[in-house]
Amino acid sequence: MRAYLDAGRALNTRRAEVRALERQKKRLQERLALDESGATLLRAARRLGLVRPGERLFIVKGIPAWRKARAASADR
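What counts, and at which threshold
Residues numbered from 1 in each chain as written. Predicted model: local features only at pLDDT ≥ 70, side-chain atom pairs only at ≥ 80, totals over all residues. Heavy atoms only, no water. Helix = DSSP H or I, 4+ residues; strand = E, 2+ residues; numbered from the N terminus. Rg over C-alpha atoms; globule rule 2.2 N^0.38 Å. Expected span 1.5 Å × (residues − 1). pLDDT = per-residue confidence, 0-100. Salt bridge = Lys/Arg side-chain N within 4 Å of Asp/Glu carboxyl O. Buried < 20%, exposed > 50% of the residue type's maximum accessible area, 1.4 Å probe, protein only. Patch = residues over 30% accessible without salt bridge, like charges linked within 9 Å, V, L, I, M, F, W, Y side chains within 5 Å. Areas by Shrake-Rupley, 256 points an atom, 1.4 Å probe, with all protein chains shown as cover. Lys, Arg positive; Asp, Glu negative; His and termini not counted. Charge placed at Lys NZ, Arg CZ, Asp CG, Glu CD.

### Quick look at the overall build of the chain
Helix and strand counts for the chain come out as three helices and zero strands. Going from the N terminus to the C terminus, the chain shows its helices and strands as α-α-α. Over its C-alpha trace the chain gives a radius of gyration of 28 Å, far above what one expects of a compact globule, namely 11 Å for 76 residues. Each principal axis of the C-alpha atoms in the chain carries an extent, and together these give about 90 × 35 × 15 Å.

Rendered as structure tokens:
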């Protein structure tokens, strides 16, 4: 009887592990679907300042001052 009860507890434990792994698998599959497009990777690379081979990196400075000047000229 003891072996039967122990086996039942072990089975319940394994079922809980399987459910947790299934949830983890679903989350990873959803994440993979987002990453497969490459858009996520491209955005992350751009944030790091990386460029593709053959591209030129341009650093634009003074944008707030430009916006202020543009707004002032639009008001005239």
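From this point, the discussion proceeds with the structure in view.
### So, helix H1 (residues 2–36)
An ideal rise of 1.5 Å per residue puts 51 Å on 35 residues; H1 measures up with 50 Å between its terminal C-alpha atoms. Phi turns positive one or two residues past the end of H1, at Gly38, with a value near 85°.

### Observations concerning the environment of Gln29
Counting through the fold element by element, Gln29 comes out in helix H1. For Gln29 and Val18, which are eleven residues apart along the polypeptide, the C-alpha to C-alpha distance reads 16 Å.

### Some thoughts on the confidence of the model for the chain
For the chain, mean pLDDT is 89; residues scoring 70 or higher make up 100% of the total. Here helix H2 (residues 39–47) is the element of the chain with the lowest mean pLDDT, 83, and H1 is the one with the highest, 92.

### Looking at the pattern of salt bridges
Counted according to the given criterion, the structure contains three salt bridges. With a closest N to O distance of 2.5 Å, Arg9 and Asp6 form a salt bridge. Residue Arg9 and its partner Asp6 are located together in helix H1, separated by three residues, close to a single helical turn. A residue is classified by how much of its surface remains accessible, and Asp6, at 37% relative accessible area, is partly exposed.

### Focus: a positive patch on the surface
Taken together, Arg15, Arg19, Arg23 and Arg27 make up a surface patch of like positive charges. Position of Arg15 relative to the elements: it lies in helix H1. By relative accessible area, which is 45% here, Arg15 ends up partly exposed.

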